[in-house]
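Chain residues, written in single-letter form:
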Amino acid sequence: AQAQTTVFRSMELAIKEFFNTRRFTNLNYAAAERVDLNVLLTISNQPAPDRFEGTLQVIYARPVYGTDYNSPILDLVDEQVKFNFLENTQIEFSADRYINNLSSLLGFYAYFVLGLDGDTFSPLGGADYYTQAQQVVNNAQNSGEDGWRAFESQRNRYWLLDNQLQAVFRPLRELLYDYHRQGMDTMTEDAAASRRKIAASIEKLKTVHQAKPASYNMQVFFNAKGNEIVEIFKPAGPADKVKLLNIVQVIDPGNISKYQNMMRGT
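In this report, the structure presented in the accompanying data block is examined. Remember, predicted model here, so these are calculated numbers, not experimental data.

Turning our attention to the nonpolar core. Leu 74, Phe 85, Phe 108 and Tyr 111 are the most contacted members of the largest nonpolar core, which has 43 residues in total. Listed by contribution, the elements that provide at least two residues to this core are helix H1 (2–21), strand E2 (51–63), strand E3 (70–84), helix H2 (101–121), helix H3 (127–139), helix H4 (157–165) and helix H8 (216–233). The greatest single-element share of this core, amounting to eleven residues, is contributed by H2. Those residues in contact with Leu 74 that sit more than four places away from it in its chain are Val 58, Ile 59, Tyr 60, Phe 112, Val 113, Leu 116, Val 220 and Ala 224.

Shown next, in the form of structure tokens:
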């Protein structure tokens, strides 16, 4: 078991270095502006000494202006994680070509999160990062590894990115800006106006739901956001709550009990 723990320690170090020392963007960020990303890799199977299988949870929250609160943007578990890793090696990555699956996995989520983050700070501001993420997906098509191809599943990396770029999902990307920059960031100034902005952005998701019911991206969004939406609207007036409930019970039926608590203010 001793040899086992050293490979996992080595892997953890390599993943930390991958995110902390590599530049994914040409922009210069101050230390305080760096994107706060948490990844939780759970290994469930090791079919060979250098082969690992498991899940990867990716969590990202964005700071809210003028507060010490971080608003959750992404919380997903990728269950199609299989890769090779040799102890005491660095994880090499290039956006231009496929090197190995672990590097593509980490690089994909780095770019996808930067895309989400960019969308929250300016309208459709994450475009360049999604393009980079798409390149990672394209390069992995012939890798033989799971999670990269359209026909494998409706809930994988391919669809997460493809949906994000489709015109029908544009309200979801517009919401990222309206909800965070015009809603959350102004909450301390005028909570009622901020809530109205947030409710209006959620209402626009009805068209996404009508076109693509139960899509992966909507589920991922509400998985991250459900609790926060409840907290934001607990203090709202009864009419605003009812209006919001009528929207979310249609587009996010999975969290219906949460929203009913919101109505009770509990």
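All right, on to the packing of aromatic side chains then. The full count for this structure, using the stated rule, is 14 aromatic pairs. Measuring from ring centre to ring centre gives 5.8 Å for Phe 108 and Trp 148, while their planes differ by 85 degrees; the resulting arrangement is edge-to-face. In this pair, Phe 108 is assigned in helix H2 and Trp 148 in the loop between H3 and H4, connecting sequence segments 40 residues apart. Clustering of aromatic rings is evident, with ring pairs tying together Phe 18, Phe 19, Phe 24, Phe 93 and Tyr 111. In this arrangement the basic side chain of Arg 62 is found over the ring face of Phe 121, its NZ or CZ atom lying 4.0 Å from the centre. In this structure, Arg 157 packs its charged tip against the face of Trp 148, placed 4.5 Å from the ring centre.

It is worth spelling out the packing of H2 against H4 at this point. The interhelical angle for the contact between H2 and H4, taken along N-to-C directions, is 25 degrees, at an axis separation of 12 Å. When the axis of H2 is compared with that of H4, the two are roughly parallel. The way H2 lies across H4 gives a crossing that is left-handed. For the pair H2 and H4, contact is made by Leu 105, Phe 108, Tyr 109, Phe 112, Leu 116 and Asp 119 and by Arg 157, Leu 160, Leu 161 and Gln 164, respectively. Residue composition of the contact of H2 with H4, by class: seven nonpolar, one polar and two charged.

Across its 14 residues, helix H9 (residues 238–251) extends 20 Å between first and last C-alpha, which sits within 8% of the 20 Å expected from 1.5 Å per residue. The inward-facing, buried residues of H9 abut helix H6 (191–203), helix H7 (205–211), H8 and helix H10 (256–264).

Rules used throughout
- Residues numbered from 1 in each chain as written.
- Predicted model: local features only at pLDDT ≥ 70, side-chain atom pairs only at ≥ 80, totals over all residues.
- Heavy atoms only, no water.
- Core = buried A, V, L, I, M, F, W, Y, C linked by side-chain atoms within 4.5 Å.
- Buried < 20%, exposed > 50% of the residue type's maximum accessible area, 1.4 Å probe, protein only.
- Helix = DSSP H or I, 4+ residues; strand = E, 2+ residues; numbered from the N terminus.
- Contact = heavy atoms within 4.5 Å.
- Phe/Tyr/Trp six-rings, centres within 6.5 Å; stacked < 30°, edge-to-face > 60°.
- Lys NZ or Arg CZ within 6 Å of the ring centre and 35° of its normal.
- Axes fitted to C-alpha atoms, helices over the stretch in contact; angles between N-to-C directions.
- Parallel < 35°, antiparallel > 145°, perpendicular 65-115°, else oblique.
- Left-handed = near helix turned anticlockwise from the far one by under 90°.
- Nonpolar A, V, L, I, M, F, W, Y, C, P; charged D, E, K, R; others polar.
- Expected span 1.5 Å × (residues − 1).

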